[in-house]
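Listed below are the residues making up each chain.
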Amino acid sequence: MHMPATDSSATITLSSSTQTGICVAMGDGIGPEIMSSVLRILTESGAQLDPTTIRLGKSVYDEGVLSGVEPGAWDAIREQGIILKAPITTPQGGGVKSLNVTLRKTLGLYANVRPCRSYDPFVPTHFPNLDLLIVRENEEDTYAGIEHRQTEEVTQCLKLITRPGCERIVRHAFETTRQQGRSRITCMTKDNIMKVTDGLFHSVFDEIAGEYPDIEIEHMIIDIGAAKLANDPERFDVILAPNLYGDILSDIAAEVAGSVGLAGSANLGRHASMFEAIHGSAPDIAGQDLANPSALLRAAVQMLVHIGQGEVASRIENAWLKTLEDGVHTADIASEQTRQRVGTQAFTQAVIDRLGQTPDHFPAVAYDNQPATVMEKEDTPAYSVLPTRKELAGIDIFLDWVGHGRTPDMLGPALQDACPLPLKLKMITNRGVKVFPDGQPETFCTDHWRCRFVPAPEQSLEPRDLVLLQHSLLTRGFDIIKTENLYWFDGEIGYSLGQGE
Ligand code: NAD
């Protein structure tokens, strides 16, 4: 492999059929330092790579490109399908989109896989036997980034959980668990509260688990699961979670393992994959030869295993483990075990010097040269399409209505008066709590009212009735800010009940 120049416009192409084309993004802050270090190690280890440098991050944002991705980079990414990415700096505000979220969603990188293990006693941790894998859904949930300010007082973020999204990530978790010789998956959700969205994730997990009788399963509510992960992480093998919980859990796991500076992550999809450190661009230590390149190096090892260069990956990981054992440490992991406290460059050289050696304390790794197949398996369905019978059951109409001095007991009768048959007002909630009929005086109310209308007794409902209701409310001066139709699917309720409904 030739190292790409740090000039981000440079493209290096070598013509060897055994080489795998990859895109390399040098990143911001400590990014260029740790990427140069990793590329040196890859070169010295004999990795068969054909890198093309692409420009992502701060310099691109500074040119006014709000996605942070240099427009020409998409062709290279599409062509190579593999990205090794150093951390970038995300500018605050100004309509700027998170580059990571853009890359993950645009490229369909639906699985985020983060191995976390401890390197005790060389990196101090309370949990010497920690060795777990976090599989995080990477595209959906609140990270769909659909947010609105709806009234003077109220904002909302849509949490989208889809059946295809759940099926893909759950299947990926089971396949990866099998491939890695692991035996147990713990799925974490909050489906005691979010029965529809998290409930779907949990039920797809239970459903697909039936196809993998060799793998033990359990489910935990996310709050107790996170507490157990912080206090007793050695009990876990594989953790599977929707996007937001997975994001938080993976940082907890990396931290309790010893350092977020040691964890790499793979973002995998059917058409592309991206490998990166989990930490950020650390502008506070940039340019000082202080950064630990280990997390990015471990991401590069994941990449090599993924593309079928397991032997080289093993050489690098074993040399890296030996370096840790020999007490050659960067400042962030320095402890009593440190014999030589070094900077980025000296650490890099120490790993290169140990290529070909194996660790004494840790078991040596030996990855095979089989490319990862989880994504490509012919028999892995994209997702199953389930035909359902959908019945209209009513409508939630959200109103902006200034409540101060005006009570739900004023709003309720006014809406009842305005509601034409076949509908009737069933209830009004404020922030999800029923306030009409029979609300409690202590309930705090904002200016955002969810008004649920359902068919009156003996009445059947047509879609046009929902429009007539809205027309009636508008003519009486109500400020409708949003509506949600209510449905039953195959006889099962497709919406949550209000608290107290
Ligand atoms: P950070 O991870 O960059 O830094 C947190 C702390 O850890 C700092 O004290 C830093 O010096 C230290 N640190 C991080 N990596 C280190 C390493 N390899 N070696 C030694 N010490 C290390 O988090 P932050 O300060 O919250 O974020 C800085 C920037 O990075 C922000 O712009 C943020 O948006 C961005 N960020 C990018 C990514 C990514 O590109 N994947 C991820 C997280 C944050």
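Since the model is a prediction, treat every value here as computed from it, not as a measurement. (Residues numbered from 1 in each chain as written. Predicted model: local features only at pLDDT ≥ 70, side-chain atom pairs only at ≥ 80, totals over all residues. Heavy atoms only, no water.)

**Considering the site of the ligand**
Argument step 1. The immediate surroundings of the ligand are formed by 18 residues, with Ile88, Gly280, Ala282, Asp284 and Asn292 found nearest.
Argument step 2. A distance of 3.1 Å is found between a nitrogen atom of the ligand and a side-chain nitrogen or oxygen belonging to histidine 279.
Argument step 3. Burial of the ligand by the protein amounts to 66% of the accessible area it has alone, namely 810 Å².
Argument step 4. Taken together, the residues of the shell around the ligand sort by class into 7 nonpolar, 7 polar and 4 charged. (Near = heavy atom within 4 Å. Polar contact = N/O pair within 3.5 Å; in protein donor to acceptor, adjacent residues only side chain to side chain. Areas by Shrake-Rupley, 256 points an atom, 1.4 Å probe, with all protein chains shown as cover. Nonpolar A, V, L, I, M, F, W, Y, C, P; charged D, E, K, R; others polar.)

**Brief notes about the packing of aromatic side chains**
Argument step 1. Applying the stated criterion to the full structure yields 7 aromatic pairs.
Argument step 2. A network of ring pairs unites the aromatic residues Tyr119, Phe122, Trp320 and Phe362 as a single cluster.
Argument step 3. The cationic tip of arginine 117 hangs over the ring face of phenylalanine 362; the distance from NZ or CZ to the ring centre is 5.2 Å.
Argument step 4. Across the ring face of phenylalanine 398, the terminal group of lysine 482 is positioned such that the distance to the ring centre comes to 5.2 Å. (Phe/Tyr/Trp six-rings, centres within 6.5 Å; stacked < 30°, edge-to-face > 60°. Lys NZ or Arg CZ within 6 Å of the ring centre and 35° of its normal.)

**Let's talk about the domain arrangement of the protein chain**
Argument step 1. Domain boundaries assigned for the protein chain yield domain 1 (1-9 + 20-110 + 259-373), domain 2 (126-257) and domain 3 (390-493).
Argument step 2. On a C-alpha basis, the centroid separation for the pair domain 1 and domain 2 is 25 Å.
Argument step 3. Contacts between domain 1 and domain 2 engage 14 residues on the former and 16 residues on the latter.
Argument step 4. Seen at the junction of domain 1 and domain 2, the total is 0 salt bridges.
Argument step 5. In this assembly, domain 1 and domain 2 are joined by 5 residue pairs in polar contact (both at pLDDT 80 or more).
Argument step 6. Counting residues per element, the ones that place at least two in the side of domain 1 that touches domain 2 are helix H4 (99-106) and strand E11 (264-268).
Argument step 7. When residues of the side of domain 1 that touches domain 2 are assigned to their parent elements, the largest contribution, 3 residues, is made by H4.
Argument step 8. By residue class, the composition of the side of domain 1 that touches domain 2 is 7 nonpolar, 4 polar and 3 charged. (Domains from an automatic or database assignment. Contact = heavy atoms within 4.5 Å. Salt bridge = Lys/Arg side-chain N within 4 Å of Asp/Glu carboxyl O. Helix = DSSP H or I, 4+ residues; strand = E, 2+ residues; numbered from the N terminus.)

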